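The primary structure of each chain is shown beneath.
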Amino acid sequence: MKIGVVAEGDDLSSLVAEDFGHAEYFLIVDYDTYDYTVVKNEFANSVGAGMKVADAIIGLGVDAVIVGGIGSHGYDKLKNAGIRVSFDEEGTVEEVLDIFKRREEQRRKFQ
C-alpha cells in the first residue's frame, strides 16, 4: 500500500501539514517498509490549490492520504478516486503512519 502524507518538511520527522493544498511536501510512503519518496508541492502558492493537489496525488497512485486539514472539494475528489483520507491528524509523519497502521490492522480484523 502507498500512503501519501501531506507534510511541512521532507522527512519522516516532519510535522503533518494542516493545509492540504498549501503544504510544502507530500511524502509517498510504503506501508510496510516506510521507505518514501519526497514530492515538492508545485501548487502550494496557487489559487485552487486543493483541487490541483488532489489531482496530483491521484496521479501518484496512492491508496490513502493522511493530512491535518482538507477542504470538501479535495476530499471528495480523492474519495471519488477510491483513495482513503485520514484527516485531523497531528504529529510527525512517522507518528501518524504508526497510528494509521494500527487502525488499518484493526479494521482488517473486523472485515
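Note that this is a predicted model, so its numbers are computed, not measured. (Residues numbered from 1 in each chain as written. Predicted model: local features only at pLDDT ≥ 70, side-chain atom pairs only at ≥ 80, totals over all residues. Heavy atoms only, no water.)

Asks: I'm lost on unusual backbone geometry in this one. Help?
Replies: Comment: phi is negative for the bulk of residues other than glycine, and the bulk of peptide bonds are trans. Even without being a glycine, Tyr34 presents a positive backbone phi close to 65 degrees. Among the structural elements, Tyr34 can be located in the loop between strand 2 (25-30) and strand 3 (36-40). You will see that Asp88, though not glycine, has its phi angle at about 65 degrees, which is positive. As for its placement among the helices and strands, Asp88 is situated in the loop between strand 5 (84-86) and helix 3 (93-109). For Asp88, a relative accessible area of 59% puts it in the exposed group. (Helix = DSSP H or I, 4+ residues; strand = E, 2+ residues; numbered from the N terminus. Buried < 20%, exposed > 50% of the residue type's maximum accessible area, 1.4 Å probe, protein only.)

Asks: Explanation requested: the side chain of Asn41 in the structure shown.
Replies: Summarising the element assignment, Asn41 is placed in the loop between strand 3 and helix 1 (49-59). The class for Asn41 is buried, based on a relative accessible area of 4%. Of the polar contacts made by the side chain of Asn41, one reaches the backbone oxygen of Gly21; its length is 2.9 Å. From its side chain, Asn41 meets the backbone nitrogen of Phe43 in a polar contact 2.8 Å long. Here Asn41 is in contact with Phe20, Gly21, His22, Ala23, Glu24, Tyr25, Phe26 and Val53, once residues within four sequence places are set aside. (Polar contact = N/O pair within 3.5 Å; in protein donor to acceptor, adjacent residues only side chain to side chain. Contact = heavy atoms within 4.5 Å.)

Asks: Is there a simple way to think about the packing of aromatic side chains in this case?
Replies: Two aromatic rings are characterised by how far apart their centres lie and by the angle between their planes. Taken as a whole and assessed by the stated rule, the structure comprises one aromatic pair. Where Tyr75 meets Phe87, the ring centres are 5.8 Å apart and the plane angle is 85 degrees; that geometry is what we call edge-to-face. One end of the pair, Tyr75, is in helix 2 (residues 72-80); the other, Phe87, is in the loop between strand 5 and helix 3, and twelve residues separate them in sequence. Note on Tyr75: relative accessible area 25%, which makes it partly exposed. Given the relative accessible area of 39%, Phe87 is considered partly exposed. (Phe/Tyr/Trp six-rings, centres within 6.5 Å; stacked < 30°, edge-to-face > 60°.)

Asks: Would you mind showing me how to read the nonpolar core here?
Replies: If you look at soluble globular proteins, the nonpolar side chains tend to sit buried side by side. Grouped together as the largest cluster of nonpolar side chains are 16 residues, with contacts concentrated most on Ile3, Val5, Leu27, Ile66, Val93 and Leu97. Those elements that place two or more of their residues in this core are strand 1 (2-7), strand 2, strand 4 (64-66) and helix 3. When residues no more than four places from it in sequence are discounted, the contact partners of Val93 are Val5, Ala7, Asp11, Leu12, Ser14, Val16 and Leu27. Of all hydrophobic cores here, the second largest spans 15 residues; its members include Ala54, Leu78, Ile83 and Val85. (Core = buried A, V, L, I, M, F, W, Y, C linked by side-chain atoms within 4.5 Å.)

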